[in-house]
Structures are given as C-alpha cells and as structure tokens.
Amino acid sequence: MPYLGSEDAVKELKKALCNPHVQADRLRYRNVIQRVIRHMTQGVDMSGVFMEMVKASATVDIVQKKLVYLYMCTYAPLKPDLALLAINTLCKDCSDPNPMVRGLALRSMCSLRMPGVQEYIQQPILNGLRDKASYVRRVAVLGCAKMHNLHGDSEVDGALVNELYSLLRDQDPIVVVNCLRSLEEILKQEGGVVINKPIAHHLLNRMSKLDQWGQAEVLNFLLRYQPRSEEELFDILNLLDSFLKSSSPSVVMGAAKLFLILAKKFPHVQTDVLMQVKGPLLAACSSESRELCFAALCHVRQILHSLPGHFSSHYKKFFCSYSEPHYIKLQKVEVLCELVNDENVQQVLEELRGYCTDVSADFAQAAILAIGGIARTYTDQCVQILTELLELRQEHITTVVVQTFRDLVWLCPQCTEAVCQALPGCEENIQDSEGKQALIWLLGVHGERIPNAPYVLEDFVENVKSETFPAVKMELLTALLRLFLSRPAECQDMLGRLLHYCIEEEKDMAVRDRGLFYYRLLLAGIDEVKRILCSPKSDPSLGLLEDQAERPVNSWALDFNTLVPVYGKARWATISKCQGAERRGLELPNTASLAASGPLIPEEDKERVQELSDSGALMLVPNLQLTAEYFEKTWLSLQVAHQQVVPWQGAVHPDTLQMALQVVNIQTIAVSRAGAQPWKAYLSAQDDTGCLFLTELLLEPENLEMQISVKQSEARTETLSSFISVLETVIGTIGDIKP
Amino acid sequence: AAAMIGGLFIYNHKGEVLISRVYRDDIGRNAVDAFRVNVIHARQQVRSPVTNIARTSFFHVKRSNIWLAAVTKQNVNAAMVFEFLYKMCDVMAAYFGKISEENIKNNFVLIYELLDEILDFGYPQNSETGALKTFITQQGIKSQTKEEQSQITSQVTGQIGWRREGIKYRRNELFLDVLESVNLLMSPQVCPSPGQVLSAHVSGRVVMKSYLSGMPECKFGMNDKIVIEKQGKGTADETSKSGKQSIAIDDCTFHQCVRLSKFDSERSISFIPPDGEFELMRYRTTKDIILPFRVIPLVREVGRTKLEVKVVIKSNFKPSLLAQKIEVRIPTPLNTSGVQVICMKGKAKYKASENAIVWKIKRMAGMKESQISAEIELLPTNDKKKWARPPISMNFEVPFAPSGLKVRYLKVFEPKLNYSDHDVIKWVRYIGRSGIYETRC
C-alpha cells in the first residue's frame, strides 16, 4: 500500500541520513533510522536509501545495528551490489568479542537473500558452528539451512551435514533442535534428517531439557523412527509418558500423536493414550484461550470419528455459553451432534433446541442442521422439535428445517408421514432458493400424502415469471410432472401452463431445455414418463453407511496435530494439492512491488505443470534417465499393478507417440518399428516422490484395441490412477489421428 | 516442521500494519494485504481463528483491538502456533504492559528486537522473558561490561535453559498468586430442572514471582486430595481435620522447571524456578466448587408491552470477606422503549446501545443478599419472533480460591549460598475472578 508522496518521504529521509549533524547525534540518527523502518513496515518502498543505511551499520549502537540489519535483509535482493558493501562490517562483527554481536551479525548475514553472498558467509558459518557461545552456535546451525536455500537445489555439502549431525550432541538444547531443523531442510531431497537408533535415544534422553517448542519439534521428528523390537517400543512409550501431561497443549498433542503412530499395531495402547489425553483436551476445550480451545475442539471431533462414546459423559462441557465467539459455538454444536447417545440425547436435544432461536441466524441454522444429523438415529424426537420450530414462522429457521426434512425423508423413510403433516404453511416463510427447492422437491415426491400439495405448487406456477432462481424453476418442473403422475386431475391444467411458459417465454436455456424434454417425454406416453421419473423415494442404506463412518484410529493418526483436523480433510486436500503445484514455481501474483523471486520456469511450462497437477496430485519428473538393462530388471521384478485396453484404430507412428509422451514426461525406453506385428513399446516415468511407473503397450495384429500394462515401484493407488489417466489421454489423442 | 512461521504481522483495528516481520521467502508482501482485506475488513463474524487465503494459513488472535497474525504455508500444528502467539503476547506484556495500539507504536523498536530473538528462520528460539532480557538492549547504547558478557555465555551454556547462574538479590523474596477463574452455567428457574448447575468449572493458575539468589530448590505443597490421603495413612488425626478441605484436581500441568517424575511418583512439586514471573502450574477442577454468587432471576410478562424483571444475587462465602467489582448484566429485548430500575445497593443503568441493564456494586460482603427490580416498557412490534432471552451474566472478583485450593507450604533450599528457608520473605495471595458466569432466565 504505497502512500501518496512516498518519494518525498524517501528524499527527506535520505537527506536526514546524510546530514553530518544528525550522524553526530546518536539519538537523532537512530530516530531517522526508525522512521525508515516505520515506512518499510507500512509497505513503502524504502530501497532508495540503501547506501545511507549501509553507512549507518558501522556503529557501536547495537539497537541501531539491529534496525539497519533488519532493513538490509528486506531490501538486499533489490540492491545486491550495494549489499555487498555491508558485508565488510558484518564480517568484522562476526569476530566481535561480544557473542551477542557475533550472533546478530551472522544471523543477519545469512538472511541476506542475494546471489553471490554464499562465498562470504561460508567461513563465518563454519566458525560459528565451533563458537564457544551457544548463542552463536544456534544462529550458525540455522545459517547452514539458509545458505543451502540460497544455493537452490545445488549439491549437498557432505562435510557440513556431518558436522551438523555431530552437533546433535551439543550441550545446548536449542542448538540440538536447530540442528534437526537445519538438517531436515538441507536433506529435503533425500527424505530429511535420518533418525536412527542412537540419535532417537539421544533425543529421548534430552527431551526434558528442551523448552516446549523444542519438545514439540522433537516429538515430530521422532515420528520417523521405527523401534526395532516391541521391548524398545514400550521403553520409549514409558519414557515419553510424562509428556502426555505437559503444560503445553501442543506438546500433549504431539506426544499423543507419537504414541498413536508408534503403537499402530496395538489398538489397546492407542485407546489408553486417548483416555490419558482426555483430561488435557477437555481442559483445553474449556480454556480461556479461545483459539487454543478451537484447535482442541477440532481434535475432539477427530477422536469422536473413531470413538463416538469417548466424550459422551462429558457432554455438558460442550454446551455453548452466550458470550463465546462464534467459531467455538459452531464447533461445539458439531461435537454435541457427534457424541450423542441413549443416555444424553434428551439433554443434548433440549440444549440444541435453545440454540435454534439464537439471535445469530448462522448459529441457529447450525443448531438446526445438528438436530437434523441426530435425527438419523433418534428420528421421532428430532422431527418433533423441528416441527415445533416451524411454528416460529421465521424465514431463516423455516428454510433450514425444510432442507433438513428433505434430507431426512431420503435417509429415514419412516418419518415421511410426520414430515408431510408438518409441511403445510411453510411456503409462506421461505424466500431463498435452497429452501424453495427443498420444499418443491418434497411436494413433488411425496405430494400424494399432502392434501394441499397441488395448490402450493400452483402458487409457484402463478408466480413463475417473477421467480429469480432458475434452479427453483427446474425443480418446479420436475416436481409438478411427478405430482401429475399421482394426481393428474388437479395438476394437468397448471402443468400445461408451466410447460408453455418454460418453452415459449423462459430465457434461461437450461430451464427451457428441461421444459422441452418433459414435453417430448409426455408425447412418448405416460408409461415412458413413469419409467423416467418414478425413481426411488428414499435410500435408507445411505444413512447406514454414514453410521459406519467409525474409522480406525490409524486412518487419521498421521493427520492428528496438523492442520488437517482444523480445515477438514477435503479442504486440506485442495489446499495441499495446489501447494504441490506451487512448489514447482507457480507464484501467486505479487501485488506489491517487492517481488521476492522471479519466475523459475517459463510461462508455457507453467501451464503444462498446472495441467498435470490438476489431473491428480501426480508430478512426473522431466528428463528421467533409465538404462534399458535397469528397466528390464525392474520390469521383471514387479507385478502388474494395472492392466486395461483402450480402443485403437490403424497403425502406430512411433515418433508421434514418443513425442506426445515426452511432453508429459513419460520416456520411451524401447519401441517396435512402425507396422511391426505384434507392435510393442516400453515406457518409463517417475514422480516427484521417486515412485517409478513402468509401462508396456501391446497392439495385437487385426485387433482394434491397445493393451496397457503398468507396473509401479511403490504401491500407491491414487498416483497410479492419475498416471493412467495421463497415459490414456495421450494415447486417446494419438489414436484419433488416423493415418 | 511442527511450527515454522513464515511471517508475523501486527495490525490495529483499522487494518493498518504496525509491525511486519517476514522470516521465509514464500511469504510475500501481498500476504499482509490479504489478511487485512479478508479478515479485518470482512463483514461477517470470524468463522475460524485459522483462515486460509490463497493456500496460506493465517493464525490470528485479537488483544483489545490489536490483531496479531502468524502466517505460514506449512502444515503446522495449530495449537503450537497459538501457544507461540500467546507467549509472544506474554513477553510483550512483560516488557510494556497492555497490548494496545499506543504501546505497540511506542515500543516498535523493542518489538522488532524481540521478534529477531524469539524466531529465527521461522523457528521458535528462546522465549523465556527472563532469558530474553539478556539480549534485548532497550535502553539503547549500553557498552557492555565484562560481567554482562560472561553472563550471556553462562546463560546460554548452562544446562537449565530457564535460569541463568549468578543471580543475586539482597532481599530474597517470593510472591505466589493463586489466580482462578470460575465458570458457571445455570439452568433457568422455569424449566424441567429449575435452578440447577448445568456445568461449572474452575480453571486456575499458580503464578510465582521469584527474586531468589543462586540456584534455589523449591518445594510447593497444596491441599491436593491425593497427597492428603497419602499422608493421612500415617496420622488418622489429620485426615479427619483436613480431609474435608482437600480438593480433587481434575488435571494439572506444570511449568517446564517442575520435575514431573517426582510429581508422578510422590505427587510432590519440586523445581528450580526461573527468575522473575512465571506460571508454575495450571489446573482445572469440577467438583465441590464454591460458587461465590447465586443469581435468581424472575421475569414476568405483563401484557404485550411490559416486562417485570427481578433479580436477586446472594453472596455465598465467609462474611468477613469482601467481593469487589461486581457487575450484573441483565439483557433487555431489542424493542425496549424505556426502563425503570430500583436497586437497594450499587448503581444500575439501562444501556440502550448494549441492550442491557448493567448493575454495578463496588463491594459486597459474604452471606449477604441484594436485589434489583426493573420495569421494562416495550414497543409493540409485528415481529412474531419470540424474544430468545439471553442469559444474565455476572462479573466479580473475590479474595479466595473458588476451587478451595490452599497453599500449604513453599520451601526454599539453596545449599551453596548462605540463606535458608526462614530468610525468604513469602507472600501468598488468592484471587478468584468470574470467567463465563451465566444464569439462564
């Protein structure tokens, strides 16, 4: 948000910084520098005073130094040549007798993101790793990761990695944790830092010396360790037991996750752990720290998926208080809906009923939906409550109740009668599209049981011209045609009027098409209409399926204590899928002038990557080099993971095919010449996780089909299916080109 | 990584950036604006304290009218990021008090200094206020003495991260505050189960301020039921005397300095405290809570345009104790046109903007009762919607612990220096405050 007149501000500050009187007066000098930082904070481009700021770095005033270094780290990418001038001062500070100055200088120097800085920071980092002050070592260890990031995907420096591994034994706890973080970043391509038995045991012994951040981090790294024996496993669990009672909820959750993962083959241990963390989780759920409370509630819901009875006796803890923030109330309602059982259903419903009349329409609707959810198990009680809510004649309540009814009769047909009795009169209090659609659907499907159904629909037909939502009109067409089948005498006339309107006057093409379709269907005879429209009116098996949602703990243990329970699995999948594409260089459009890094790949490639990533979370690496021998060996050692045939016409042009496959990063290892019978080709590809896909294409003589066999080095069904769809697309496209 | 924070931003309520610190390349300047537009300037209520904008997660907390946001693109651990933000607020508060726009603007350099120390490359580093004091040079130019320099070295090489060596005080002093917040949800007088406690819990903290020389070993004892019962085995006499007064703690957690192994085996709380203020323990109880006040509301609808409300509050603690800052908030319908209030004690006012009668009493002794009556005139409306009566809420402060927790002893040993437990001046204080204290009517 550049301010008006920012150029003037830069000019003025530049003048002040150059003023010898200001420079002589320490406080004034620092004041001017503060103003520069203030402008920088607000997003004004202050790179214009870089030269003057470099000069200001040569000072004994530590506060001033800190401010200048902060400035330089922000603008160094824009002024790399000038930033080099500051290196001298920084290098000098790196050998200052004061460890604080050394640490500050090293940290800042490693944070200068500009090309060519590596050669200057390498030596100071190495010195820093052996510094006697742990404050400097902490900085130096993270400096290694920063240096590696600057290099991009260059070679890993083996000596440095070894040094970092040995620093895992440092006596300062923060140095140890920083080493783990640093190694993790440097070795990202190789799968991260290796946690073998000696390292794991060393970390376990150091745990109590770490602060909460360190503990949480180490617990996370330990997830990677596989104990050799059952005995070792239980030793580890005993050692970590006390962390389930840590004062920090995140350490508790981190420890719980580690337990769940380590004990994945011992369900009773998992249940026991979940019992142990119940107390801390409930405490977090009633804590005054609202955001933490929110995170805890999300995890409670996660646990309830596997153990629906886990919190049932504590249901009152999840009653909402009037003054709680909206997001907590919404979560609590969800929790209540999930923990309901025979003993507490009465009280829970009573409580939820109270929420339905809350001033916040949003919250009231959430409560109604929750009652609808409970209704799948406790149908009669819930339908009664919902029916009573209709008497309030509130628009925002009625619409959600009717939508809930629609879903309910589909899942629990036994409540149809009660719902049908409740419906008359609702139409007066529904204005929105969703609510109208639900009501019309109910009237159409169950109209024979609702005496005034035709008259209600007639009102809608009368007003169809002023109806704003096309979806409502579509629903109306279907509903009226359905009702016509069961009550022809009352509906025939208005059906005719509606069809006439839709075909002759309606502007929306979808509605008009639907009208035409039904008109022609009617011409085909009433039996044909019945065949098309009289689909089942309910599907109770769907409700049963939802009840079976009890998933094993192992299905979500890996997601525990991450963002997945907070966002929900589906939403996280979309977020992380896009992130995968972004890692390959798809930057957000950068609105500000400060573009941190330029595009890494040319425009046309970006599109290709995007396309690929949209076809599944699959990323095939370009330029995979496999020798024919290696291919043959691997091919023979693997089982066929997938086989299918695709239609094919005519001969194959190997070159065309090879080129097309090349575009999507599938390499051709060997291929028969054109016209050979039978014709064969062997292909290979590898995704970004290192999983190999080996493929054989086979075309038998006189056959109009091509047989595809795929083998995979690691069994992963989701990437396999994405790979096959990529392959199919290519072959489909080539197969269409007739010679 | 468990918590890799790409950037930290602080805004005022208008959405102006007061502080912005970016730690990782993947967070651009556009993130600062995205949060302002999507969260601070959003019209609806906040639906989640974790907001995802363009695949970037914003973890936000609000203190008075200041927004603090931690930003990341990684799949981090949400509880951890929030704990970190709270910690940051605590650290800032320890330096300059309340987190307000003015304080943030005035301490802007200090905050940048803090942000430089507590996070490096987005990873949390040292965040203990005591330890941080060594690195933050607020007073500006401070040519460091040799002694201070060696302190940094010893502080960061010591085995104990939360305390540095060589601390000296002329007067060894200890302050112990038992701070509790009592939460209550009462059912209405007219309902299947009238005037019952729906849920009640106390969440408490034991906060200690220690000004002790050297590396003192402390031992803390309270009337924890399990401990009392354990000890009671020896002397049956004491069990009968103190058994009643012991309390059942549902769960408790401790500061990192407490030796958990000792707590698990002997349930004794021993530790070497950090210097200065820290939270020793956090606990929660749900049984036998002393509810300091009972609220008995009576609402009568007189015709369609008038409501009569009578609320009685009864104090339920020793007559010698005084409750303070009592405030009762009685909600009124939206179509209220006028209110007449009569109260025996304190002052009551109808606040139209808040749709409530606010009744304030400065002080009230235990075992007393006070009442307020109000006549509420209503405008006739066509709205058929029934007024969903929000609960009556209360605020207060009492000089005891509603959970019943008592400090039995706090002993200090410092074997290397020549002061003993008797020389340490100790202060203990109990404060009970209302959390969410609601009575439905």
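Residues numbered from 1 in each chain as written. Chains lettered and ligands numbered in written order. Predicted model: local features only at pLDDT ≥ 70, side-chain atom pairs only at ≥ 80, totals over all residues. Heavy atoms only, no water.

Labelled according to an unreviewed UniProt entry, chain B appears under the name AP-2 complex subunit mu, originating from Myotis lucifugus. UniProt, in the comment section headed Sequence similarities (unreviewed entry), describes chain B in these words: "Belongs to the adaptor complexes medium subunit family." (UniProt positions renumbered as here; feature names shortened; annotations may be inferred.)

Under the annotation held in an unreviewed UniProt entry, chain A carries the name AP complex subunit beta and is attributed to Myotis lucifugus. Listed under Subcellular location (unreviewed entry) in UniProt, the entry text for chain A is "Golgi apparatus, trans-Golgi network membrane". Per UniProt, chain A carries the Sequence similarities (unreviewed entry) text "Belongs to the adaptor complexes large subunit family."

What follows is about the overall build of chain B. Per the secondary structure count, chain B includes 9 helices and 23 strands. Expressed as a percentage of its 441 residues, the buried residues of chain B come to 55%. Long-range contacts, defined as pairs at least 24 residues apart, comprise 70% of the intrachain contacts of chain B with a sequence gap of at least 6. With the model as given, the accessible surface of chain B reaches about 19,900 Å², and the carbon-plus-sulfur share is 50%. (Helix = DSSP H or I, 4+ residues; strand = E, 2+ residues; numbered from the N terminus. Buried < 20%, exposed > 50% of the residue type's maximum accessible area, 1.4 Å probe, protein only. Contact = heavy atoms within 4.5 Å. Areas by Shrake-Rupley, 256 points an atom, 1.4 Å probe, with all protein chains shown as cover.)

Next up on the list: the overall build of chain A. Assigned secondary structure in chain A consists of 37 helices and 5 strands. With the C-alpha coordinates of chain A rotated into their principal frame, the extents come out at 100 × 80 × 70 Å. Contacts in chain A between residues far apart in sequence, at least 24 positions, make up 64% of those at least 6 positions apart. Just so you have it, chain A exposes about 33,400 Å², and 52% of that area is on carbon and sulfur atoms. Put simply, chain A has 72 plus and 91 minus side-chain charges, and the middle of one group is 8 Å from the middle of the other. (Lys, Arg positive; Asp, Glu negative; His and termini not counted. Charge placed at Lys NZ, Arg CZ, Asp CG, Glu CD.)

All names here are of chain B. Close contact between helix 2 (residues 78-96) and helix 4 (residues 108-118) brings their axes to 11 Å; oriented N to C, the two are set at 135 degrees. In this view, helix 2 runs oblique relative to helix 4, as classed from their interaxial angle. Seen from above, helix 2 lies across helix 4 with right-handed handedness. Note on element contacts: helix 4 touches helix 2 through L110, I111, L114, L115 and I118, opposite F84, M88, V91, M92, Y95 and F96. When the residues that make up the contact of helix 2 with helix 4 are grouped by side-chain class, the tally is 11 nonpolar, no polar and no charged. (Axes fitted to C-alpha atoms, helices over the stretch in contact; angles between N-to-C directions. Parallel < 35°, antiparallel > 145°, perpendicular 65-115°, else oblique. Left-handed = near helix turned anticlockwise from the far one by under 90°. Nonpolar A, V, L, I, M, F, W, Y, C, P; charged D, E, K, R; others polar.)

Take unusual backbone geometry next. At N561 of chain A, a position not held by glycine, the phi torsion is positive, near 65 degrees. Inspection of the secondary structure puts N561 of chain A in the loop between helix 31 (540-547) and helix 32 (564-567). With phi around 50 degrees, N355 of chain B is a residue other than glycine that occupies positive phi space. On the secondary structure map, N355 of chain B appears in the loop between strand 18 (347-351) and strand 19 (356-365).

Under the counting rule described, the total for this entry stands at 9 cavities of 30 Å³ or more. Its boundaries defined by the atoms lining it, the second largest cavity holds a volume of some 90 Å³. Listing elements by their share of the lining of the second largest cavity, those giving two or more residues are helix 9 (134-151) of chain A together with helix 4 and strand 6 (119-120) of chain B. Counting residues per element, the lining of the second largest cavity draws most heavily on helix 9 of chain A, which supplies 3 residues. Classifying every residue of the lining of the second largest cavity gives 4 nonpolar, 2 polar and 5 charged. (1 Å grid on protein atoms, 1.4 Å probe; cavity = no way out; pocket = protein on both sides within 12 Å on 5 of 7 lines; lining within 4 Å. Points joined across faces, edges and corners; volume = space filled by probe spheres on them.)

In this section: the interface of chain B and chain A. Contact with chain B, which involves 96 residues of that partner, is made by 105 residues of chain A. With both sides pooled, the region where chain B packs onto chain A buries about 8,900 Å², and carbon together with sulfur makes up 55% of that total. Taken together, the connections running from chain B to chain A amount to 8 salt bridges. Here E117 of chain B and R107 of chain A are joined by a salt bridge, their closest N and O atoms 3.4 Å apart. Taken together, chain B and chain A are joined by 33 residue pairs in polar contact (both at pLDDT 80 or more). For the side of chain B that touches chain A, the element with the highest residue contribution is helix 2 of chain B, accounting for 8 residues. Class assignment of the residues belonging to the side of chain B that touches chain A gives a composition of 41 nonpolar, 30 polar and 25 charged. (Buried area = accessible area lost by both parts, 1.4 Å probe. Salt bridge = Lys/Arg side-chain N within 4 Å of Asp/Glu carboxyl O. Polar contact = N/O pair within 3.5 Å; in protein donor to acceptor, adjacent residues only side chain to side chain.)

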